[in-house]
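Read off the chains here:
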Amino acid sequence: MLKEEWAAKRALLESELERELNLENALDKTLAESMRYSLMAGGKRLRPVLLMEAAEAVGGRGEDYIHAACALEMIHTYSLIHDDLPAMDNDDYRRGKLTNHKVYGAGIATLAGDALLTLAFEVILRQKADSETLCRVIREISQAAGPDGMVGGQAIDMESEGKSITMDELRKMHMGKTGALFRAAIRSGAILAGAGETELNALTRYAEAFGLAFQITDDILDVIGDENEIGKPVGSDERNHKSTYVTLTSLENARQLAKDAVDEAVLALEPFGDKAWFLKELVEFLISRKK
Ligand SMILES: CC(C)=CCC/C(C)=C/COP(=O)(O)OP(=O)(O)O
Ligand SMILES: C=C(C)CCOP(=O)(O)OP(=O)(O)O
């Protein structure tokens, strides 16, 4: 069952992330607390779970890749802390709690993000794998997080506020801002578990469709979601004058685009049969999610 498997993988992550954040030996207690505040605030842990499940789809054991999985969640959490800062989206709530800068101030919040990003690369070095494979995975993740991936997409996002952009530009922005890390998560899990080129290509196709379905759903939830359930403000895209799949088309159209992306993702998994059951159920669940 999807929920049980997801919960089991999440539990493993929670305890490993907890172990990584050693408050007692921290050079600066406030910084360590602020990193912990956001990292342990209960996200869905989608990216690390995807990494582990991609490994399972190619016959590996997800648990064996826990360090790479933790590193991804640290990078994702850093990006959320920075995304919420006054200089970016200026949001007050995230993961059902006040945003990091609302509690610790913008300076410490910026440093907490920086620290999680750098810690991620120390943590991934704990991952057992032959050095060539590990270097390949670190390259996947750093490229996805960097200027030609997440950071680049975020820059396009900021520069597009208040402007009308085309569907093509929107897709390009999201492929960087959100899609790149999902893609790196899935590819990294597959690479670590020894996927061949054909398997890797199929999972990359799944990853790209997954990212698209996730983003369209995020845009839809920003319009019709329940603030208490999603743990962050709704209507923020409109307030920040952002183009989304909903504003560029319509709610109905956005729903259809999300469904098409799910179909594409499921199709990409066909060669894996039952081994990819979790990835299949997850993407199907994704478009009906409430948070
Ligand atoms: C380098 C940085 C800061 C990257 C941010 C990446 C990211 C996916 C932010 C959240 O996007 P969003 O603003 O669309 O989502 P939410 O509604 O969750 O804030
Ligand atoms: C990419 C976007 C839209 C930011 C939120 O990501 P998630 O929806 O995965 O957030 P958490 O569950 O990790 O809080």
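Rules and cut-offs
- Residues numbered from 1 in each chain as written.
- Chains lettered and ligands numbered in written order.
- Predicted model: local features only at pLDDT ≥ 70, side-chain atom pairs only at ≥ 80, totals over all residues.
- Heavy atoms only, no water.
- Helix = DSSP H or I, 4+ residues; strand = E, 2+ residues; numbered from the N terminus.
- Rg over C-alpha atoms; globule rule 2.2 N^0.38 Å.
- Buried < 20%, exposed > 50% of the residue type's maximum accessible area, 1.4 Å probe, protein only.
- Contact = heavy atoms within 4.5 Å.
- Areas by Shrake-Rupley, 256 points an atom, 1.4 Å probe, with all protein chains shown as cover.
- Lys, Arg positive; Asp, Glu negative; His and termini not counted.
- Charge placed at Lys NZ, Arg CZ, Asp CG, Glu CD.
- Core = buried A, V, L, I, M, F, W, Y, C linked by side-chain atoms within 4.5 Å.
- Phe/Tyr/Trp six-rings, centres within 6.5 Å; stacked < 30°, edge-to-face > 60°.
- Lys NZ or Arg CZ within 6 Å of the ring centre and 35° of its normal.
- Near = heavy atom within 4 Å.
- Polar contact = N/O pair within 3.5 Å; in protein donor to acceptor, adjacent residues only side chain to side chain.
- Nonpolar A, V, L, I, M, F, W, Y, C, P; charged D, E, K, R; others polar.
- UniProt positions renumbered as here; feature names shortened; annotations may be inferred.
- Salt bridge = Lys/Arg side-chain N within 4 Å of Asp/Glu carboxyl O.

Q: Could you give an account of the overall build of the chain, naming the residues involved and the relevant values?
A: In terms of helices and strands, the chain carries 15 helices and two strands. A compact globule built from 291 residues should have a C-alpha radius of gyration of about 19 Å, and the chain, at 18 Å, falls within 12% of that. Referenced to the eigenvectors of the C-alpha coordinate spread, the extents of the chain come out at roughly 50 × 45 × 35 Å. For the chain, the proportion of its 291 residues judged to be buried stands at 54%. Nonlocal contacts in the chain, meaning residues at least 24 apart in sequence, comprise 74% of its contacts between residues at least 6 apart. Working note: accessible area of the chain is about 13400 Å², and carbon and sulfur atoms make up 52% of it. Placing the 35 positive and 49 negative side-chain charges of the chain at their respective mean positions leaves the two points 1 Å apart.

Q: Can you explain the nonpolar core? Please cite residues and give values.
A: With 86 residues, the main nonpolar core has L50, L51, Y206 and F210 as its most contacted residues. At 12 residues, helix α10 (residues 197–224) tops the list of elements feeding residues into this core. Apart from residues no more than four positions distant in its own chain, Y206 is found in contact with L50, I186, A265, A268, L269, L279 and V283.

Q: Talk me through the packing of aromatic side chains; I want residue IDs and the actual numbers.
A: Applying the stated rule across the entire model yields six aromatic pairs. Taking the centre distance of 4.9 Å and the plane angle of 65° together, the rings of F182 and F214 count as edge-to-face. Residue F182 is located in helix α9 (residues 167–192), and its partner F214 is located in helix α10; the two are separated by 32 residues in the primary sequence. We note that F182, like F214, is buried. With a centroid separation of 5.8 Å and an interplanar angle of 45°, the aromatic rings of Y206 and F210 are classed as tilted. In this pair, Y206 and F210 are both assigned in helix α10, four residues apart and thus about one turn of the helix distant. We note K97 situated over the ring of Y37; from NZ or CZ to the ring centre the distance is 3.9 Å.

Q: Tell me about the site of ligand 2, and please be specific about residues and values.
A: Surrounding ligand 2, one finds G43, K44, R47, H76, L80, R95, T178, F214 and D218. Here an oxygen atom of ligand 2 sits 2.6 Å away from a polar atom, N or O, in the side chain of K44. In isolation ligand 2 has 390 Å² of accessible area, and contact with the protein removes 88% of it. Here the shell around ligand 2 is composed, by residue class, of two nonpolar, three polar and four charged.

Q: So, the UniProt feature "transmembrane region" (unreviewed entry) in the chain: which residues are in play, and what are the values?
A: With numbering matched to this structure, UniProt assigns "transmembrane region" (unreviewed entry) to residues 103–125. Helix makes up 91% of residues 103–125 and strand 0%, and the two end C-alpha atoms of the span are 31 Å apart.

Q: For the pattern of salt bridges, give the residues involved together with the corresponding values.
A: What the rule picks out here adds up to 23 salt bridges. The salt bridge involving E56 is made with K9; its shortest N-O contact spans 3.2 Å. In this pair, E56 sits in helix α3 (residues 46–57) while K9 sits in helix α1 (residues 2–20), placing the two residues 47 residues apart along the sequence. Its relative accessible area of 21% is what places E56 among the partly exposed residues. Look at the salt bridges and you will find they share partners, linking E5, K9, E53 and E56 into a network.

Q: Which residues make up the site of ligand 1, and what values go with them?
A: Contacts to ligand 1 come from Y78, S79, H82, D83, D89, R94, M150, V151, Q154, K177 and K232. Measuring from an oxygen atom of ligand 1, one finds a side-chain N or O atom of D83 at 3.0 Å. In isolation ligand 1 exposes 520 Å². Once the protein is present, 91% of that is buried. Elements with a minimum of two residues in the shell around ligand 1: α4 (66–84) and α8 (150–160). A total of four residues in the shell around ligand 1 trace back to one element, the largest contributor, which is α4. Considered class by class, the residues forming the shell around ligand 1 number three nonpolar, three polar and five charged.

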